[in-house]
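Residue strings, one per chain:
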Amino acid sequence: MENFITKNLKENEKKLDEILHIHESFDILKRNFKIGNRDGVMYFINGFCDNDMIQKVEEFFCNMTEEELPQKVEDFSENKIPYIQVDLFEDKYNVLTFILSGVVCLMIDGYEKAMLIDVRNYPARNVQEPEKYKVLRGSRDGFVETLLMNTALIRRRIRNPEYMCEIVRAGKSSRTDIAICYINGRADKKLLNYIKEQIQKIDVDALPMNQESLSECIHKGHWFNPFPKFRYTERPDTVAAEILEGQICILVDNSPAAMLLPTTIFDVIEEADDYYFPPITGTYLRLARASITVLSLLLTPLFLLYANNPGMIPDWLSFTRIIEPQNVPIFWQLLILELAIDGLKLAAINTPSTLNTPLSLIAAIVIGEFAVNTGWFNEQTMLYMAVVAIANFTHENYELAYSIKFLRLILLVLTELFHFTGFIVGIFVAIAAIVCNRTIARTSYIYPLYPFDFKKFMQRFFRVSIKNK
């Protein structure tokens, strides 16, 4: 690679001034000064650096004499710069990337390498509990949008020298920092190498959507497969626990969420609360969550089957028969409500927090009451769809909720067209969609159910105490 930095400081300044558009960009600053009898220059971005630290370093240089300057740039960076985090680079890519990342670039006449002094102080919000990933017990810290703070939150919990945190970059324009975290000897080496190779092959201009953009570049899956291949969380305790179990974590700068892989269907339904309560309570929470997930898939298709075939309803469920007239067929009622619930979700997301409660009251009382009174919907239809909507919030993974929703829609269509036969076929389609899936490591999506591992399978549903593992 041809050297971008030479011993001629004026030449280096001219090239960097032109590339960085020093005179047009107000936030990229340049500072010239003297070190002994030599000329020196610093490039840095205003707002990304600790200004007090830059001033102290510059004052230190101004007091140096010509005799104190060593011949080699390596000796200068190691012995003369009063700071710990200093790197030497001479190629164009690294020098520009570090400057635009907020690192101070120091160049001195006569030295053929640029010295990158990491005094970054990114604007960042305080570490606080994630709004979506709350627990009743446990730590209240969560990831933020600054990569260094996120890696520190994990390192604080894993004091193992075999814990690795490697940094790579992707995106021609964004040059986004990506951290790959794992424990050497526990993580799948083949999968780890595959991830690194895929990141190196990424040939995009930027990663505008952070993890989602990265996941699509790493795993070229089928567009029609909605099941999550990555598990997302904003909790550092969850990430630390999964890393200790041998999983790999990927952190992307500017994103408060971590990606965990490989991920199975059983990983997705686990939550932190399962481990912050006694084993009996944790077991109950897991079983309840799994049962409610299955219920959200089968409830409305089963209701549609009984509504279209009243003779199939057993005597002990006779009270569920629809007596009032149906102005709109049950099938279309269910489809309309599926769409309406998503509309309410989108409205809640885009509604200011101060108006969320009034909006919920309007949706629940006014719309629900008048929809039944005007004859658009039956009371049973509203009830069962409300149960399904609430059931979707019993687990924290959005991708899983929508995967169940799509399977439920397929099941509804098959049940409407082919009645009992369609309902049975729909169940087999749902099972096949899960069983035939594969993780990013090309392993079974339903492990430890297949291949069957009795001990691991029991641990997935029955939370045992740590000392008995």
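Scroll up to find the structure this text is about.
Conventions adopted
Residues numbered from 1 in each chain as written. Predicted model: local features only at pLDDT ≥ 70, side-chain atom pairs only at ≥ 80, totals over all residues. Heavy atoms only, no water. Core = buried A, V, L, I, M, F, W, Y, C linked by side-chain atoms within 4.5 Å. Buried < 20%, exposed > 50% of the residue type's maximum accessible area, 1.4 Å probe, protein only. Helix = DSSP H or I, 4+ residues; strand = E, 2+ residues; numbered from the N terminus. Pairing = 2+ DSSP bridges. Salt bridge = Lys/Arg side-chain N within 4 Å of Asp/Glu carboxyl O.

1. Brief notes about the nonpolar core
- By size, the foremost hydrophobic cluster in this structure holds 23 residues, and its most contacted members are I195, I199, L214, I248 and I250.
- Only strand 7 (176–183), helix 6 (189–200), helix 7 (211–218), strand 9 (248–252) and strand 10 (258–261) provide two or more residues apiece to this core.
- Considering each element in turn, this core owes the most residues, four residues, to helix 6.
- Counting 21 residues, the second-largest nonpolar core is a separate cluster that includes I54, F61, M115 and I117.

2. Let's talk about the pairing of strand 10
- Side chains A258 and L260 project from strand 10 onto one buried face, and the interleaved M259 and L261 project onto a second face that is buried too.
- Here strand 8 (residues 231–233) runs beside strand 10; their pairing, made up of three bridges, is antiparallel. When the bridges of strand 10 are listed, T233 appears paired with A258.
- Here strand 9 pairs with strand 10 via four bridges, running antiparallel. When the bridges of strand 10 are listed, C249 appears paired with L260.

3. Section: the pattern of salt bridges
- Counted under the stated rule, the structure contains 22 salt bridges.
- Among the ionic pairs, R38 bridges to E66, the shortest N-O distance being 3.6 Å. Linking R38 in strand 2 (residues 38–45) with E66 in the loop between helix 2 (51–62) and helix 3 (73–79), this pair joins segments that are 28 residues apart in sequence.
- Judged by its relative accessible area of 28%, E66 is partly exposed.
- Across the pair E129 and R140 runs a salt bridge whose closest N-O atoms are separated by 2.9 Å. Of this pair, E129 sits in the loop between strand 5 (114–117) and helix 5 (147–155) while R140 sits in the loop between strand 5 and helix 5; the two residues are 11 residues apart in sequence, bridging distant segments of the chain.
- Shared partners join several salt bridges into a network, and the residues in it are E270, E271, D274, R286 and R289.

Coordinates in, geometry out; function isn't part of it.
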